[in-house]
Amino acid sequence: MGAETARVGGGTAQHPERTAGHTADPTEHGPSEHGPGLTVSAVLDLEEIRAGAPTVVSGADGLDRTIRWVHIADSEHVEQFLEGGELVLTTAQTFRTAAAMSVFLDELDSAGAAGAVVELVGERGESDEAAAEVLRRAAAGRDLPVIVLSRRIKFVRITEHAHRRLLSEQLGRLERAQEIHEAFTQLSLERAEVGTIVARTAELLGASVVLEDVTHRVLAYAGPGAEAVVADWLSLVAETDAYASRDWAQIPVGLQARRWGRLVVAGIPAAGAEVDQIIERASQALTLTRMAETDERDLLIQAQSGFVRELMDAGSEDESQARARARSLGFDPPAGARLVPAVIRLDRDPGTDPTRMQLWERALIQEATAAASRAGAATLATGMQSGSFGLILALPGRGDEAKALERIFTGIDDLGSTWAVGVGRTSPSLVTAVSRLDSAAQVAEVASTLEVRERVFYRSADVRLRGLLAVLGEDPRLRAFAEGELGPLLESEDEQLLDLLDLVLAHGGNKSAVARAGFLSRPALYARLARLEDRLGVSLDDAESRTALHVALLWRRLNR
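Reading the values: the criteria
Here the residue numbers are simple positions, counted from 1 along each chain's written sequence. Thresholds applied to this predicted model are a pLDDT of at least 70 for local features of residues and 80 or more for the giving and counting of side-chain atom pairs; totals over whole chains, interfaces and linings are not thresholded and use all residues. Hydrogen atoms and water are omitted, and side-chain values are computed over all heavy atoms in the structure. Secondary structure elements follow DSSP: runs of H or I of four or more residues count as helices, runs of E of two or more count as strands, with numbering from the N terminus. Each residue's exposure class comes from its accessible area (1.4 Å probe, protein chains only) as a fraction of the maximum for that residue type: buried when under 20%, exposed when over 50%, partly exposed otherwise. With residues, only the protein chains shown are counted as cover, and all accessible areas are computed by Shrake-Rupley using a 1.4 Å probe. We call a set of buried Ala, Val, Leu, Ile, Met, Phe, Trp, Tyr and Cys residues a nonpolar core when their side-chain atoms join them within 4.5 Å. In what follows, a contact means two residues having at least one pair of non-hydrogen atoms within 4.5 Å. In protein, a polar contact requires one atom able to donate a hydrogen and another able to accept it; more generally it is a pair of N or O atoms within 3.5 Å, and residues adjacent in sequence count only if both atoms are side-chain atoms. If DSSP finds at least two bridges between two strands, the strands pair. Geometry is summarised by axes, namely lines fitted to C-alpha atoms with helices restricted to the contacting stretch, and by angles between N-to-C directions that run from 0 to 180 degrees. Side-chain rings of Phe, Tyr and Trp (the six-membered ring for Trp) are treated as a pair once their centres are within 6.5 Å; stacked means planes under 30 degrees apart, edge-to-face means over 60, and tilted covers the remaining angles. To sort the angles, those under 35 degrees are grouped as roughly parallel, those over 145 as roughly antiparallel, those from 65 to 115 as roughly perpendicular, and the leftovers as oblique. Following the grouping adopted for this structure description, the nonpolar residues are Ala, Val, Leu, Ile, Met, Phe, Trp, Tyr, Cys and Pro, the charged ones are Asp, Glu, Lys and Arg, and the polar ones are all others, Gly among them. Arc definition: directions from the helix axis to the C-beta atoms.

1. Brief notes about the overall build of the protein
Along its length, the protein carries 22 helices and 14 strands. Across the 560 residues of the protein, 48% fall into the buried class. For the protein, the computed accessible surface area is about 27,800 Å², with 49% contributed by carbon and sulfur atoms.

And the structure:
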């Protein structure tokens, strides 16, 4: 057989610990916490495989490869069906020549397959030794694990066993991810102390966890053996970067522009999705706790937010009383100051983690108020809906308002997130400025839908009709209106007529301009316009019809 060939069974070269009478089912055992899942070696232990008298003809050192899925092939051309990590089962009935076998194994190598099990049996159930020899030669020198079976087996039993195990592992990972999520969400809601968070992290990992500051001073630690690790910590980092030299799992703590520490897991390598998930959630919880513990402005912002919400809900209040309350909350702009309502809305998608959104929002409030302070503007802050907050900015009575706002919003540090800013109309009245936060929020929401943002902040005049339609896009009444206006064109799916309508509306119905823009002769244009008007059932010379069609066409483009 050669050096690469070994019989799989009791007392084999690859598995000397196994006995001939032992049969293992990989579905009986889940993966270890940090170990691999289903491997090629585990599949070889299945009773069904062992019944096929398996022999490893190449890649004996790769039997610990992890299997992502099991695939049955009936052709040598399999690369197009694979994504990597598959164990391929085949009878090779149609490709038992040397050239075809080589193509088959080459494509498996190229696709990153975990291995191959090839059943080489004749029509009467006897071992096909000639084909086995061809396979051995084609597999010689390869790292890919290739196993030949000399007896017929039922592949469906192999796939059932393997897929049951793989699906069980996936379910286990999902349940574990949910457990991790719930654990750190609860810690965040309870405003847990730093030591509690580190201890829970160590418990979830089953390892020593150390929280250090930027100068490598240990702030907290927990877990088995943590005391011994911490005892040598300063001496270790004095000589070299301890966690880097040992390849320990680690993550910075604090937002991108304000890193204040590092969480290090001693004894666990920097690899593994579960470890990464746990320390990332721990870092977020620690950041939230630090922000709550060390920033007194947090309570002030909460108080300001309550006051602003009262003003917004009341609808009207005496200006002097409102000013007096604002002064007690630290907002005391000079006489003649211009009060600008602004709303900052964080960009988000359905998959954004709520804890991460909360971190960004709180950090952005702090950064925005700090940037305003640097620009000499007092601020009154309030939370809006999740992921957005409002500001009343007190700008000096003189000077360029747009430049002042641009200086404030461009002065916000990069926090690893993006956002849109909506600005309402300025007022000398605090009550009026607060009442305009809702319109600023609407502008911010519209601005967040723009694919390209050319401005630092947006006003109503910047988003106009397109912005209104973006906000009302899901309103069923608007949908019914637009589809009613464009229905005849949408039903026929006539893109040429839709393009012509767009040209007509863009040029205000001017036929000469439409003909030039569309490179059409006058007769051709008139014929197409007649067809378009006939299809729509309206005259395009009527200004109201053109307005209605323009609104409908804009809605379609925003929601198609």
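2. A word on the nonpolar core
Formed by 31 residues in total, the largest nonpolar core has its most connected members in Ile344, Leu393, Leu405, Ile408, Phe409, Ile412 and Val423. Listed by contribution, the elements that provide at least two residues to this core are strand 11 (338-346), helix 13 (354-374), strand 13 (388-395), helix 14 (401-410) and strand 14 (419-423). Sorting elements by how many residues they give to this core places helix 13 first, with 9 residues. Setting aside its immediate chain neighbours within four residues, Ile408 contacts Ala368, Ala371, Ala372, Ala375, Ala377, Leu393 and Leu395.

3. Notes on the environment of Arg152
Relative to the helices and strands, Arg152 is located in the loop between strand 6 (146-149) and helix 5 (155-189). Arg152 sits 100 residues away from Gly52 along the chain, and the two C-alpha atoms are 5.9 Å apart. Residues contacting Arg152, with those up to four places away along its chain left out, are Glu119, Val121, Gly122, Glu123 and Gly125. Reaching out from Arg152, the side chain makes a polar contact with the backbone oxygen of Gly122 at a distance of 2.9 Å.

4. Observations regarding the sheet that holds strand 14
The 4 strands are arranged 12-13-11-14 in an open sheet whose pairing can be described as antiparallel. Looking at the sheet topology across the chains shown, the edges are occupied by strand 12 (378-383) and strand 14. Taking the axes of each pair of neighbouring strands and ignoring which way they run, one obtains an average angle of 25° across the sheet. Pairing geometry for strand 11 and strand 13, over 8 bridges, is antiparallel. When the sheet's bridge partners are listed, Arg345 is paired in strand 13 with Ser388. Each of strand 11, strand 13 and strand 14 touches helix 14; the most contacted strand, strand 13, lies at about 130° to it. Each of strand 11, strand 12, strand 13 and strand 14 touches helix 16 (residues 437-448); the most contacted strand, strand 11, lies at about 40° to it.

5. Considerations on the packing of aromatic side chains
One pass over the structure, following the stated rule, counts 2 aromatic pairs. An angle of 45° between the planes, with centres 5.0 Å apart, marks the rings of Phe95 and Phe104 as tilted. Accessibility assignment for this pair places Phe95 and Phe104 in one class, buried. Taken together, a centroid distance of 6.2 Å and an interplanar angle of 55° make the contact between Phe409 and Phe457 tilted. Note that Phe409 is positioned in helix 14 and Phe457 in the loop between helix 16 and helix 17 (460-471), a separation of 48 residues in sequence. Neither residue differs from the other here; Phe409 and Phe457 are each classed as buried.

6. Focus: unusual backbone geometry
Backbone phi values are negative for most residues with the exception of glycine, while trans is the configuration of most peptide bonds. The residue Ala53 is not glycine, and still its phi comes out positive at about 55°. Checked against the element boundaries, Ala53 lands in the loop between helix 2 (47-51) and strand 2 (54-58). Overall, Ala53 belongs to the buried group, its relative accessible area being 6%. With phi around 55°, Phe519 is a residue other than glycine that occupies positive phi space. Along the chain, the position of Phe519 falls in the loop between helix 20 (511-518) and helix 21 (522-536). Its relative accessible area of 78% is what places Phe519 among the exposed residues.

7. Description of the environment of Leu204
Mapped onto the elements, Leu204 comes out in helix 6 (residues 194-205). A residue is classified by how much of its surface remains accessible, and Leu204, at 4% relative accessible area, is buried. Sequence separation between Leu204 and Ile278 is 74 residues; the distance between their C-alpha atoms is 7.6 Å.

8. Some words on the side chain of Arg142
As for its position among the elements, Arg142 is in the loop between helix 4 (129-139) and strand 6. The exposure class of Arg142 is buried, given its relative accessible area of 15%. Those residues in contact with Arg142 that sit more than four places away from it in its chain are Ser58, Gly59, Ser102, Leu105, Asp106 and Asp109.

9. Focus: the packing of helix 19 (residues 495-506) against helix 21
Contact pair helix 19 / helix 21: the axes reach a minimum separation of 10 Å and the direction vectors enclose 105°. Between helix 19 and helix 21, the angle falls in the class roughly perpendicular. When helix 19 is examined against helix 21, the residues Leu497, Leu500, Leu501 and Val504 are found in contact with a partner set consisting of Leu525, Arg528, Leu529, Arg531, Leu532, Arg535 and Leu536. Of the residues belonging to the contact of helix 19 with helix 21, the class tally is 8 nonpolar, no polar and 3 charged.

10. A look at helix 14
Taken residue by residue, helix 14 has Glu401, Ala404, Leu405, Ile408 and Phe409 as its buried positions. For helix 14, the angular spread of buried residues about the axis comes to 125°, placing them on one side. Turning to helix 14, the residues buried within the fold contact strand 11, helix 13, strand 13 and strand 14. Two or three places before Ala402, at the opening of helix 14, Asp400 has a side-chain oxygen 3.0 Å from that residue's backbone nitrogen.

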